[in-house]
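Analysis of the macromolecular model
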Amino acid sequence: MATSQCLFLVALCCLLPYFGAGDTCLSPEVKHESYTTTEATMSTETAVVLEFTVNCKNNMKNLNLYVEFNGRVLPAAKVANSDRYQVSFSDEHKKIPSGSYVANVYDEEKYSDFRKAQRNNEETSGIPSLFSINFSHDGASTGPMIQSEFAAAALAAVVWYLAYSARAKLQA
């Protein structure tokens, strides 16, 4: 009887790490779409919206994901009744100029490692992300240098001046 109890305890101790280990998404396949602000005349900040789907090799669903972009980390929201996730960031136009960007996506385990490194003032670039999303931002246009109303008024003034000068020459 004592041997069977010892054997049971040894087996339980060997299997305990498997029961306590959290599941991780293996070999994620990611499809993403991105949107960035293209017009800066009517907005004060550039917005970045990333929407993506994740398919894991081990069929993990309902993942808690966190996205790091430009040093800020936000949780990704799961879109209702779908397999899509979405996250959005915004910042001043100067801080998000045109160019290529990378958003790193972390699961709960890697996110806790990321936060631990931040708390300890350690380098976070060494922490591997679950996957990364590459996207480009074409920049936010401020529109033409001259407003169309000003150009129309200036053209009307030039036409008036030329007509007035021609009339004056004819009358002279």
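This text gives an overview of the structure that appears in the document. (Residues numbered from 1 in each chain as written. Predicted model: local features only at pLDDT ≥ 70, side-chain atom pairs only at ≥ 80, totals over all residues. Heavy atoms only, no water.)

Quick word on the state of the cysteines
Summed over the entire model, instances satisfying the criterion amount to 1 disulfide. A sulfur-sulfur distance of 1.9 Å marks the disulfide that ties Cys25 to Cys56. In this structure the cystine formed by Cys25 and Cys56 twists about its S-S bond by roughly -110°; its chirality is therefore left-handed. Residue Cys25 is located in the loop between helix H1 (2–20) and strand S1 (29–36), and its partner Cys56 is located in the loop between strand S2 (45–55) and strand S3 (66–69); the two are separated by 31 residues in the primary sequence. For Cys56, a relative accessible area of 7% corresponds to the buried category. (Disulfide = S-S within 2.5 Å. Helix = DSSP H or I, 4+ residues; strand = E, 2+ residues; numbered from the N terminus. Buried < 20%, exposed > 50% of the residue type's maximum accessible area, 1.4 Å probe, protein only.)

Section: the sheet that holds strand S7 (residues 99–106)
The antiparallel open sheet is built from 4 strands, whose spatial order is S4-S3-S7-S8. Every other strand in the sheet has two partners, leaving strand S4 (72–75) and strand S8 (131–137) as the edge strands with one partner each. Shown here is a sheet whose adjacent strand axes are inclined to one another by a mean of 25°, direction ignored. Note: S3 against S4, 4 bridges, orientation antiparallel. In the strand pairing of S4, Tyr66 is matched with Pro75. The strands touched by helix H2 (residues 108–119) within the sheet are S3, S4 and S7, with S7 carrying the most contacts at an inclination of about 110°. (Pairing = 2+ DSSP bridges. Axes fitted to C-alpha atoms, helices over the stretch in contact; angles between N-to-C directions. Contact = heavy atoms within 4.5 Å.)

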